[in-house]
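Spelled out, the chains give:
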Amino acid sequence: MTDRRAFLIVMDSVGIGGAPDAGAYFNDGRPDTGANTVAHIARAHPLHMPHLDALGLGAAIRLASGEAAPGLGARPLGLWGAATEISRGKDTPSGHWEIAGVPVPWDWHYFPNIRPAFPADLTRRIAQAAGTEGILGNEHASGTEIIARLGAEHLRSGWPICYTSADSVLQIAAHEEGFGLDRLFRLCEQVAALVHPMRVGRVIARPFLGTEGSFVRTPNRRDYAIAPPAPTLLDVAQEAGRATHAVGKIGDIFSHRGIDRLYKGRSDAELADHLLALADQAEAGSLTFANFVEFDSLYGHRRDVAGYAAALEWFDGVAGALMARLRPGDLAIFTADHGNDPTWHGTDHTRERVPVLGWGHGARGIGQVGFADIAASVATHLGLPPVGPGRSFL
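Residues numbered from 1 in each chain as written. Predicted model: local features only at pLDDT ≥ 70, side-chain atom pairs only at ≥ 80, totals over all residues. Heavy atoms only, no water.

### Overview of the packing of aromatic side chains
Part 1 of the reasoning: What the rule picks out here adds up to eleven aromatic pairs.
Part 2 of the reasoning: Seen in terms of ring centroids, W106 and W108 are 5.6 Å apart; in terms of plane orientation they differ by 90 degrees. Their pairing is edge-to-face.
Part 3 of the reasoning: W106 sits in the buried class, given a relative accessible area of 13%.
Part 4 of the reasoning: Ring centres of W314 and F315 lie 6.3 Å apart, and the angle between their planes is 55 degrees; on these two criteria the pair is classed as tilted.
Part 5 of the reasoning: Ring pairs connect the aromatic residues F292, F295, Y308, W314, F315 and F334, which therefore count as one cluster.
Part 6 of the reasoning: In this arrangement the basic side chain of R183 is found over the ring face of F179, its NZ or CZ atom lying 3.8 Å from the centre.
Part 7 of the reasoning: One cation-aromatic arrangement involves R222 over F185; the distance from NZ or CZ to the ring centre is 3.8 Å. (Phe/Tyr/Trp six-rings, centres within 6.5 Å; stacked < 30°, edge-to-face > 60°. Buried < 20%, exposed > 50% of the residue type's maximum accessible area, 1.4 Å probe, protein only. Lys NZ or Arg CZ within 6 Å of the ring centre and 35° of its normal.)

Put into structure tokens, the structure is as follows:
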């Protein structure tokens, strides 16, 4: 078994534009053509990201979209390129599964942007599972907005708040104390069993606390996702006897399959501590797979351009600290799962190419690659059997 380790880090929603099929994906009724998360943020707030830019971030943006990103554009010293997704979605499971070697072989089910959004029979069964006479919401909505609007009624009635978005998702919000956290988790697990056969990708528990006028979501979110339809990079590594470490949402996204140890946190800062500790402690031959979600959840969906810019610069420091701790023979790849351009119309994800930035294999441009090529490359680095349809770019 090789002593070489691999660290695969997904910067959730950090797209770089240029998706060739962006015109087939929509935000607020308008196509995603022209969306470019990092470049558009940099236009408003020129970015200082010396570590990831040294790997080739600015060069990757130019390759993906032909655009320049103010503050970025250093001569690449790492492995750099841009990846294009083939799965028919711009969502978390589609991006992560394909990065792990499993393009999604089906079309996801999306709930229509009408009210009510859910079929009457599904609504009845959700209420039955909750032990209530009905549900609140039943519409497309922003999570923070719908909790502010319906949280007090939820506490009075005891009915769960159910909503969806442009993603293939059903979200259920409930007060941790008034409704009960464990009760919310049980409800979401039951609802997941109802909607996964419909090809709804995830049911997400969205617990909150507080009183009317001051409700706030807690860090106890939990995702109930469909299991990938084929063995992923995590499964192959675990089957080969390698230690597999999952940081952040990775456990939920992969239905906790192929994972030896899971590291959660109340914030990306806590997840960064876990990742840096693993750089020091992870076993020879191991795979560490991490997701940093706050780019998407706190800044992309909320269209907070300045907040997103600050988060990118903060994470660049994390990336620098990680690379300083890696050992000779290690591989680190920084990438993303989709875009979420905070300058764009609407509040949904954007269909974009994503960066592929590598430490540990010298300075080399890899050009345009596929998401699944990332899994094939990590497998090659670790000496694992081939994973999925991709080809290694190492």
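### Looking at helix α1 (residues 37-44)
Part 1 of the reasoning: Of all eight residues in α1, six are buried, a share of seventy percent or more.
Part 2 of the reasoning: Considering only its buried residues, α1 is in contact with α3 (57-65) and α12 (305-325). (Helix = DSSP H or I, 4+ residues; strand = E, 2+ residues; numbered from the N terminus. Contact = heavy atoms within 4.5 Å.)

### Re unusual backbone geometry
Part 1 of the reasoning: For the bond running from R115 to P116, omega is 5 degrees, close enough to zero to count as cis.
Part 2 of the reasoning: Mapped onto the elements, P116 comes out in the loop between α4 (92-99) and α5 (120-130).
Part 3 of the reasoning: Look at D28: it is not a glycine, yet its phi comes out positive at around 50 degrees.
Part 4 of the reasoning: Checked against the element boundaries, D28 lands in the loop between β2 (26-27) and β3 (30-31).
Part 5 of the reasoning: On the basis of relative accessibility, which here comes to 57%, the residue D28 falls in the exposed class.
Part 6 of the reasoning: With phi around 60 degrees, H256 is a residue other than glycine that occupies positive phi space.
Part 7 of the reasoning: Considering the arrangement of structural elements, one finds H256 in the loop between α9 (250-253) and β12 (261-263).

### Quick notes on the UniProt feature "binding site: Mn(2+) 2" (unreviewed entry) in the protein chain
Part 1 of the reasoning: Under the UniProt annotation, the feature "binding site: Mn(2+) 2" (unreviewed entry) is placed at D296, H301 and H349. What stands out for the annotated residues spanning 54 residues is how close their C-alpha atoms remain, the widest pair being 8.3 Å apart.
Part 2 of the reasoning: On the secondary structure map, D296 appears in helix α11 (residues 294-300).
Part 3 of the reasoning: If we skip the residues at most four places from it in the chain, D296 touches D12, S13, H301, H338, N340 and H349.
Part 4 of the reasoning: Along the polypeptide, H349 turns up in the loop between β14 (331-335) and β15 (354-359).
Part 5 of the reasoning: Ignoring sequence-local partners within four residues, the contact set of H349 consists of N27, D32, K90, D91, T92, D167, D296, H301, H338, G339 and N340. (UniProt positions renumbered as here; feature names shortened; annotations may be inferred.)

### With respect to the UniProt feature "binding site: Mn(2+) 1" (unreviewed entry) in the protein chain
Part 1 of the reasoning: Here the UniProt-annotated "binding site: Mn(2+) 1" (unreviewed entry) positions come out as D12, D337 and H338. The greatest C-alpha distance among the residues just named is 7.2 Å, despite their covering 327 residues of sequence, which places them together in space.
Part 2 of the reasoning: With respect to the secondary-structure elements, D12 resides in the loop between β1 (6-11) and β2.
Part 3 of the reasoning: By relative accessible area, D12 is classed as buried at 0%.
Part 4 of the reasoning: Within the structure, the side chain of D12 is placed 2.9 Å from the side chain of N291, a separation counted as a polar contact.
Part 5 of the reasoning: Mapped onto the elements of the fold, D337 is located in the loop between β14 and β15.
Part 6 of the reasoning: With residues up to four places along the chain from it excluded, the contact list for D337 reads V10, M11, D12, S13, E85, D91, T92, G95, H96, I99, V354 and F371.
Part 7 of the reasoning: A distance of 3.0 Å separates a polar side-chain atom of D337 from the backbone nitrogen of S13. (Polar contact = N/O pair within 3.5 Å; in protein donor to acceptor, adjacent residues only side chain to side chain.)

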